[in-house]
Amino acid sequence: MSLNGKTAVITGSNSGIGLGVARALAGAGANVVLNSFTDREEDHALAAGIAEEFGVEARYIQADMSKGDQCRALIEKAGACDILVNNAGIQHVAPIDEFPVEKWDAIIAINMTSAFHTTAAALPLMRKAGWGRVINVASAHGLRASPYKAAYVTAKHGVVGMTKTVALETAKEPITVNAICPGYVLTPLVEAQIPDTAKEYDMSEDEVVEKVILAKQPSKEFATVEQIGGLAVFLCSDAAAQLTGQPIAVDGGWTAA
Ligand code: NAD
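Residues numbered from 1 in each chain as written. Predicted model: local features only at pLDDT ≥ 70, side-chain atom pairs only at ≥ 80, totals over all residues. Heavy atoms only, no water.

1. Details of the pairing of strand 5 (residues 132-137)
Our working rule: Think of it in three bands: residues with accessible area under 20% of the maximum for their type are buried, residues over 50% are exposed, and the middle band is partly exposed, with areas taken using a 1.4 Å probe on protein chains only. Labels follow the DSSP assignment, with helices taken as runs of H or I lasting at least four residues and strands as runs of E lasting at least two, numbered in each case from the N terminus. We call two strands paired when DSSP finds no fewer than two bridges between them. Think of it like this: strands point away, you trace from the first strand over the helix to the second, and a clockwise trace means the crossover is right-handed.
Burial analysis of strand 5 places 6 of its 6 residues in the buried class, which makes it a mostly covered element. Residues Gly 132, Val 134 and Asn 136 line one face of strand 5 and the alternating positions Arg 133, Ile 135 and Val 137 line the opposite face, and both faces are buried. Inspection of the sheet shows strand 4 (residues 83-86) paired to strand 5 by 4 bridges, in the parallel sense. In the strand pairing of strand 5, Val 85 is matched with Ile 135. Taken together, strand 4, helix 4 (residues 101-129) and strand 5 form a β-α-β motif whose crossover is right-handed.

Right, dumping it as structure tokens:
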């Protein structure tokens, strides 16, 4: 399938799943706008690399997804947004009575509220273009809870709720709104949790992967950024034109249980 001439804006895409989705969409012919809160040479180099590898236009636009005005400015600076991938996210793990307030606020802002602002800013552009796709990267934690992840689970359930609501608001238009709900994907976000968890459980890092991280994932395998990217491309295809308002789990069976 070809996404030639479409512009995709992917929030939080200088790493992990966001970068994987950007590469998959560029591979299908879309022009891509990468984003994070940093403004380093290597961020811009990532975009240049994608442009060269896939023969598409690729830009990096710095914007902090914890700030509503910057979320909206990202879409404005992109100029076009046929495909919006709300992916930026962070994690913090603590019992709720010890949960740092600033971490709670940051997770709710980056993982959930940013999608409100970018979607609000992008829908008029999609309507003008007569076609649009909103893809929210939620999580298996948008469908199931785990202890010590109150802010993350709250935000991701919120994203799933927003996905369904915006899908209903756009149902009569050539716009679809869906959520991809990954189980565990081996990205910097997950890698960062391994050493601390190993200390906490007095286990080796390999044991942590097998017995703690993948404990809930029946396949006992990580999902990959390429698999998430492939699903994003499918959601942009004509075959998915009637697929809207759905949380789609890519979790090796976790949420089947
Ligand atoms: P990651 O840490 O590799 O990527 C997170 C991205 O968000 C990075 O590009 C980072 O720069 C960006 N980001 C963080 N704060 C930001 C801010 N204030 N403004 C703009 N960008 C910001 O992690 P990942 O695993 O690729 O996570 C991507 C998304 O996938 C997140 O929403 C995460 O919750 C979700 N997710 C990840 C997994 C997993 O197992 N890795 C599972 C389910 C869902």
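2. Overview of the site of the ligand
Note the cut-off: By convention in this text, a residue qualifies as near a molecule or strand provided that one of its non-hydrogen atoms is within 4 Å of it. Polar contacts here mean pairs of N or O atoms no more than 3.5 Å apart (in protein, one a potential hydrogen donor and the other a potential acceptor; neighbouring residues in sequence count only if both atoms are side-chain atoms). All accessible areas in this document rest on Shrake-Rupley with a 1.4 Å probe, and a residue is counted as covered only by the protein chains that are shown. By the convention adopted, Pro, Cys, Tyr, Trp, Phe, Met, Ile, Leu, Val and Ala count as nonpolar, Lys, Arg, Asp and Glu as charged, and the other residues, Gly among them, as polar. As used throughout, domain bounds are those supplied by an automatic or database domain assignment.
Within the structure, the ligand sits among 31 residues, and Asn 14, Ser 15, Ser 36, Tyr 152 and Thr 187 are positioned closest to it. Ile 17 is positioned with one of its backbone polar atoms (N or O) 2.8 Å from an oxygen atom of the ligand. Between Lys 156 and the ligand, the recorded distance is 2.9 Å, taken from a side-chain N or O atom to an oxygen atom. Contact with the protein chains hides 93% of the accessible area of the ligand, taken as 820 Å² for the molecule alone. Elements with a contribution of two residues or more to the shell around the ligand: helix 1 (16-27), strand 2 (31-36), helix 5 (150-169) and helix 6 (188-191). Counting residues per element, the shell around the ligand draws most heavily on helix 6, which supplies 3 residues. Of the residues belonging to the shell around the ligand, the class tally is 16 nonpolar, 13 polar and 2 charged. Lining the shell around the ligand are residues from two domains, each supplying at least three of them: domain 1 (7-185 + 223-251) and domain 2 (186-221).

3. Some thoughts on the pattern of salt bridges
It is possible for side chains of opposite charge to pair when their charged atoms get near one another. The line we're drawing: Salt bridges, as used here, are contacts in which a Lys or Arg side-chain nitrogen is within 4 Å of a carboxyl oxygen on Asp or Glu.
Enumeration over the complete set of coordinates arrives at 6 salt bridges. Three or more residues joined by partner-sharing salt bridges are found here, namely Arg 40, Glu 42 and Asp 43.

4. A closer look at helix 2 (residues 41-54)
Quick reminder: α-helices carry 3.6 residues per turn. Residues three or four places apart thus point the same way. Worth spelling out the cut-off: Expected helix span is computed as 1.5 Å times (number of residues minus one). Directions drawn from the helix axis to the C-beta atoms are what define this arc. Whether two residues are in contact is decided by their heavy atoms, any of which lying within 4.5 Å being enough.
For helix 2, built from 14 residues, the straight-helix expectation of 20 Å at 1.5 Å per residue is met to within 8% by its first-to-last C-alpha distance of 20 Å. Those residues of helix 2 not exposed but buried are Asp 43, Ala 47 and Ile 50. All buried residues of helix 2 fall inside an arc of 60 degrees around its axis, so they share one side. What points out from helix 2, more than 90 degrees from its buried face, is the exposed set Glu 41 and Glu 52. Where helix 2 is buried, its residues meet helix 1, strand 2 and strand 3 (58-62).

5. Concerning the side chain of Asn 14
The residue Asn 14 is located in the loop between strand 1 (7-10) and helix 1 in this model. In this structure the side chain of Asn 14 is engaged in a polar contact, spanning 3.5 Å, whose partner is the side chain of Thr 38. Among the polar contacts listed, one links the side chain of Asn 14 to the side chain of Asp 43, at a separation of 3.1 Å. Ignoring anything within four residues of it in the chain, the contact list for Asn 14 reads Leu 19, Asn 35, Ser 36, Thr 38, Arg 40, Asp 43, Leu 46 and Tyr 60.

6. Brief notes about unusual backbone geometry
One non-glycine residue, Asp 202, adopts positive backbone phi at about 55 degrees. Along the polypeptide, Asp 202 turns up in the loop between helix 7 (193-201) and helix 8 (205-212). Even without being a glycine, Lys 220 presents a positive backbone phi close to 60 degrees. With respect to the helices, strands and loops of the structure, Lys 220 is situated in the loop between helix 8 and helix 9 (225-235).

7. Re the packing of helix 4 against helix 5
The description of two helices packed together rests on the angle between their axes and the distance between the axes. Selection criterion: To obtain an axis, a line is fitted to C-alpha atoms, over the contacting stretch when the element is a helix, and the angle between two such axes runs from 0 to 180 degrees between their N-to-C directions. Roughly parallel means an angle under 35 degrees; roughly antiparallel, over 145; roughly perpendicular, 65 to 115; everything else is oblique. Note on convention: the crossing is left-handed when the near helix lies turned anticlockwise from the far helix by less than a right angle, right-handed when the turn is clockwise.
Where helix 4 contacts helix 5, the two axes come as close as 8 Å, and the packing angle between them is 15 degrees. The angle between helix 4 and helix 5 places the two elements in the roughly parallel class. With respect to the hand of their crossing, helix 4 and helix 5 are arranged in right-handed fashion. Judged by residue contacts, Trp 104, Ile 107, Ile 108, Asn 111, Met 112, Ala 115, Phe 116, Thr 119, Leu 123 and Arg 127 of helix 4 engage Ala 150, Ala 151, Tyr 152, Thr 154, Ala 155, Lys 156, Gly 158, Val 159, Met 162, Val 166 and Glu 169 from helix 5.

8. Some remarks on the domain arrangement of the protein
Quick note on the threshold: Accessible area that two parts lose when put together, with a 1.4 Å probe and added across both, is what the buried area reports.
Partitioning the protein into domains gives domain 1 (7-185 + 223-251) and domain 2 (186-221). Inter-centroid distance (C-alpha atoms) of domain 1 to domain 2 is 25 Å. Facing the 15 residues of domain 1 at the interface are 12 residues of domain 2. Sorting the residues of domain 1 by area buried against domain 2 places Tyr 184, Val 185 and Asp 251 first, and these three jointly supply 52% of that buried surface. Counting across the domain 1 and domain 2 interface gives 0 salt bridges. Our enumeration of links across domain 1 and domain 2 arrives at 3 residue pairs in polar contact (both at pLDDT 80 or more). For the side of domain 1 that touches domain 2, the residue count by class is 7 nonpolar, 6 polar and 2 charged.

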